[in-house]
Amino acid sequence: MEISITKTTEPAEKPDSSILGFGKYFTDHMFIMDYSQGEGWHDARIVPFGRFPIHPASTVLHYGSEIFEGLKAYRKADGSVQMFRPLENIRRMNRSAARMCLPEIPEDLALEVLTKFVKLEQDWVPSANGTSLYIRPFMFGNDESLGVHSVKNATFMIITSPVGSYYKEGINPVKIMIESEDVRAVRGGTGEAKCGGNYAASNRAGERAELMGYSQVLWLDGVQRKYIEEVGAMNVMFKINGEVVTPMLAGSILPGITRKSILELLKKEGIPATERLISVDELVEAMENGTLEEAWGCGTAAVVSPIGELCYNGKKYAVNGGKIGELTQHLYDTLTGIQWGKIEDTFGWTYSL
Ligand SMILES: *Cc1c(COP(=O)(O)O)cnc(C)c1O
């Protein structure tokens, strides 16, 4: 597809890598493409980054039809740039779109515009240890009327943000609160779609946990509040008695690409791993009898985030003495090694610009 490019006349100063943080700075341009029923995707354009007009009756502002993705571009030691499994993000975005009655984007078109846009912004991919360029594709329903129906017009955009190392002061295990009141998702709902509404609804529990000194919540299933689902914006894995277990994908959990990659890695290394139902009772028992050896969250932002403490119904349990476990460290080292090109990628996960 033809992409029109309007370059900024005021390129921004690139921030020093020590102050990057997450999602605070944006690159000079953004990608926009419109969809309308009948015409399909059209008007692909790269324009200077900035505010843009939106109709006050736009669907997204009233009925929340929005989905997003998150992936990263990494600068290798030789200066070249690579992305991690971008096609997986594109496929997941199309599955989210189908759930939310938003239009899908043909895989080759999505990969083409993504690659072209990141290439144009590639000077923004930072090179300091642990830094990367976070890529945020997103799509929203953009009908200019208040009628409630599936959308006939949508907008797809990509913005990019140089982000700092998630672990500036070394990998510190986090404290997680098991949430027994609010629920994130139910089967048949939108839990397996990466949609903004899931986040809006989960903020209350997150805020409560934060007030009590916990960094995120561990969600239980929405029906029986009995089975482990995931942690905040990450999937969750446990090492119990030498075996890795993670909740199976049954419709309410976000199918993480980091989760998938870790399962593939464990399989290749011959480490037993099972996707199944894990009840909170089983987890509590494993914490009480000492068979819970390690626990970690996994997602694009942190890659692997060790869990050092879990709290359930007011009772606190330390995991691995509050320290990062051996396998957790190994998974972190291997995945980040492949992403930054320090370890050979025998899986075909990396995608050079
Ligand atoms: C994005 C996300 C994840 C992690 O997915 P990755 O593809 O590994 O980044 C997990 N849970 C939720 C709720 C998410 O939004």
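### Let's talk about the packing of helix α5 (residues 257-268) against helix α7 (residues 326-339)
- Two elements in contact, α5 and α7, have axes separated by 11 Å at closest approach and are oriented at 105°. Taken together, the axis directions place α5 and α7 in an arrangement best described as roughly perpendicular. On the side of α5, the interface is formed by Thr 258, Ser 261, Ile 262, Leu 265 and Leu 266, while α7 contributes Leu 327, Leu 331, Thr 334 and Leu 335.
- Here the residues of the contact of α5 with α7 are counted per class, giving 6 nonpolar, 3 polar and no charged.

### Some points on the site of the ligand
- Not every one of the 15 residues close to the ligand is listed here, only the nearest: Lys 194, Tyr 199, Glu 230, Thr 258 and Thr 300.
- A distance of 2.6 Å is found between an oxygen atom of the ligand and a side-chain nitrogen or oxygen belonging to Lys 194.
- Note that an oxygen atom of the ligand is positioned 2.6 Å from one of the side-chain N or O atoms of Thr 258.
- The fraction of the free accessible surface of the ligand (380 Å²) that becomes covered by protein chains is 96%.
- Among the residues making up the shell around the ligand, the classes are represented as 5 nonpolar, 6 polar and 4 charged.

### Re a nonpolar patch on the surface
- Taken together, the side chains of Phe 52, Ile 54 and Leu 61 define a hydrophobic patch exposed on the protein surface, amounting to about 260 Å² of accessible area.
- Following the sequence through the fold, Ile 54 ends up in the loop between β3 (40-48) and α1 (59-63).

Parameters and conventions
- Each residue is numbered by its place in its chain's sequence as written, counting from 1.
- Given that the model is predicted, a residue must reach a pLDDT of at least 70 before its local features are reported, and side-chain atom pairs must reach 80 or more before they are shown or counted; all residues, however, enter totals for whole chains, interfaces and linings.
- Excluding hydrogens and water, the side-chain values take into account all heavy atoms of the structure.
- Each axis is a line fitted through C-alpha atoms, and for a helix only the stretch in contact is used; angles between axes span 0 to 180 degrees, taken between their N-to-C directions.
- Secondary structure elements are defined from DSSP: runs of H or I of at least 4 residues count as helices, runs of E of at least 2 residues count as strands, and each element is numbered from the N terminus.
- Angles below 35 degrees are treated as roughly parallel, those above 145 as roughly antiparallel, those between 65 and 115 as roughly perpendicular, and all remaining angles as oblique.
- Every residue pair with non-hydrogen atoms within 4.5 Å of one another is taken to be in contact.
- We call Asp, Glu, Lys and Arg charged. Ala, Val, Leu, Ile, Met, Phe, Trp, Tyr, Cys and Pro are nonpolar, and the rest, Gly among them, are polar.
- Here a residue counts as near a molecule or strand whenever at least one of its heavy atoms sits within 4 Å of it.
- Think of a polar contact as two N or O atoms within 3.5 Å of one another; within protein, one of them needs to be a possible hydrogen donor and the other a possible acceptor, and neighboring residues in sequence only count if both atoms come from side chains.
- Here the open area of atoms and residues is found with the Shrake-Rupley method and a 1.4 Å probe, where only the protein chains shown may cover a residue.
- Patches draw on residues past 30% relative accessible area with no salt bridge. Two like charges within 9 Å are joined, as are two nonpolar side chains (Val, Leu, Ile, Met, Phe, Trp, Tyr) within 5 Å.
- By definition here, a salt bridge exists when the distance from a side-chain nitrogen of Lys or Arg to a carboxyl oxygen of Asp or Glu is within 4 Å.

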